[in-house]
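Close look at the chain arrangement
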Amino acid sequence: MLTITNRERSATLPGPPSRGSRPRGATWRRVLGAGLALVLLPVLVSYGRALGYPGQASFSVRTVEWIRDNGGGGLVDAAENWWYTRDAPPTSAPEPELASRVPVPPPGAPAPLAAIGPHLAAGEGAWTAGPTTAHGRTPMLVTYVRPDPVHPGVLAGVARFDQNQVRARIIAGTREPDQQSWPEGGQVPPEQRGALVATFNSGFKMADAQGGFYADARMARPLRDGAASLVVDATGRISVDRWGRDRRFGPDIAAVRQNLVLIVDNGAPVPGLEFNRDNRWGSAKNQLQYTWRSAVGVDPEGNFFYVAGDKLTLATLAKALADTGATRGMELDIHPAEVHLFAYRYGPDVAGPVPTALLADMRGPTDRYLQPDQRDFVALTAR
């Protein structure tokens, strides 16, 4: 039998590496790890800033926006198209609770909007007074319509504003339109809150809006001819125009927010909405998503309308807006986190303006625009 003595074993078996040397594999792992850290550091810093910027956006919204801002827009678009086109609304009649919506039209209210039938819902199209302002007025009327005959359970809330009683202002956010410092700090200025009537979301992020932004005597993004434009004049009145055709820049302009191209023109939905010709209304197939959408328009008398709802396609959104009597209209933003209208109530039983959403299932904090927010928005105050 072969045996190995302790002396022979110590001479044969390798001992531990000397203090001055390292295994080659360990050295390469350290180098690779250091290189990976250097590569990932700017990414992590960028993502950390996106999670920490002022505003009430959720973690998921911040993450999606960061992906879009860093070259992942195509991936986000594909995911949204898959998600929001697979969940079509039912073809059944409106939910039973709609029958409990019996409005009380205020004196002098305009005629009700037309219902689509045959499933007439109680109160559909009939105007109800919005919250009373601090001055005891009701410049806002509200109702709802059902713009989709194939899916009659889909609702769109409608707010109608008498522009003789309200004054508009476009307020920049902490990141939109240009991540610069603006006078309002991304919120309704405290000195204006005593007269606040309503606030609502603006359009797409500027990188996707295909247009410009002007407010507070600052041209943050160049204005584009042909773009759908929410225009505020020096008197605080809103118009919705095709820039370069209906309105041009001049001293009477106080603010302009552009977003894509008109969806309603000459009192009717613009042809091609179902096909999104030339991607004029966002990314491919965006118009087919059943999701939250918002839009604004004006009628020949100068009344201003805001329309929003869930499970709307671009075509049904445009129909809802045209059904109000609007002659021109534009889409604003889409998806649950970015579609909001808040009206404000005053009274001896409350401290300050109390916000209420136009539709009960609108998501997000109702005080969104009373705190610094990352997105620009529109504020209406009583004249």
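The next point concerns the packing of aromatic side chains. Evaluated as defined, the whole model comprises 7 aromatic pairs. Ring pairs connect the aromatic residues Phe161, Phe200, Phe304 and Tyr306, which therefore count as one cluster. Above the plane of the ring of Trp182 lies Arg218, whose end atom (NZ or CZ) is 4.1 Å from the centre.

As a further point, take the sheet that holds strand β17 (residues 354-357). Spatially, β4-β18-β5-β16-β17 is the arrangement adopted by the 5 strands of the open sheet, whose pairing is antiparallel. In the strand order of this sheet, the two ends are held by β4 (166-171) and β17, each with one partner. Pairwise comparison of adjacent strand axes, ignoring direction, gives a mean angle of 25° for this sheet. Sheet analysis places β4 next to strand β18 (residues 377-382), joined by 6 bridges and oriented antiparallel. Along β18, the bridge assignment pairs Val166 with Ala382.

Pairing is antiparallel in the open sheet, where 5 strands are placed in the order β7-β6-β10-β8-β9. Single-partner strands in this sheet number two, and they are β7 (218-221) and β9 (238-242). Taken over all neighbouring pairs, the strand axes of this sheet differ in orientation by 25° on average, direction set aside. As judged from the 3 bridges shared by strand β6 (residues 213-215) and β7, these two strands associate in the antiparallel manner. The residue bridging Tyr214 from the neighbouring strand is Met219, located in β7.

Take the side chain of Arg146 next. Here Arg146 lies in the loop between β2 (140-145) and β3 (156-161). Engagement of the side chain of Arg146 in a polar contact is seen with the side chain of Glu124, the distance being 2.8 Å. In this structure the side chain of Arg146 is engaged in a polar contact, spanning 3.1 Å, whose partner is the backbone oxygen of Pro152.

With respect to the element layout, Ala322 can be found in helix α5 (residues 314-323). Apart from residues lying up to four places away in sequence, Ala322 is in contact with Val264, Gly267, Ala268 and Pro269.

Turning next to the confidence of the model for the protein chain. Residue-level pLDDT values for the protein chain average 83, and 74% of them are 70 or greater. Confidence drops under pLDDT 50 across residues 1-13; counting only partners more than four residues distant or on other chains, this segment forms 2 contacts.

What follows concerns the pattern of salt bridges. Under the counting rule described, the total for this entry stands at 14 salt bridges. Here Asp333 and Arg375 are joined by a salt bridge, their closest N and O atoms 2.7 Å apart. Note that Asp333 is positioned in strand β15 (residues 328-334) and Arg375 in the loop between β17 and β18, a separation of 42 residues in sequence. The two residues Asp333 and Arg375 agree in class, both being buried.

Rules and cut-offs
Residues numbered from 1 in each chain as written. Predicted model: local features only at pLDDT ≥ 70, side-chain atom pairs only at ≥ 80, totals over all residues. Heavy atoms only, no water. Phe/Tyr/Trp six-rings, centres within 6.5 Å; stacked < 30°, edge-to-face > 60°. Lys NZ or Arg CZ within 6 Å of the ring centre and 35° of its normal. Pairing = 2+ DSSP bridges. Helix = DSSP H or I, 4+ residues; strand = E, 2+ residues; numbered from the N terminus. Axes fitted to C-alpha atoms, helices over the stretch in contact; angles between N-to-C directions. Polar contact = N/O pair within 3.5 Å; in protein donor to acceptor, adjacent residues only side chain to side chain. Contact = heavy atoms within 4.5 Å. pLDDT = per-residue confidence, 0-100. Salt bridge = Lys/Arg side-chain N within 4 Å of Asp/Glu carboxyl O. Buried < 20%, exposed > 50% of the residue type's maximum accessible area, 1.4 Å probe, protein only.

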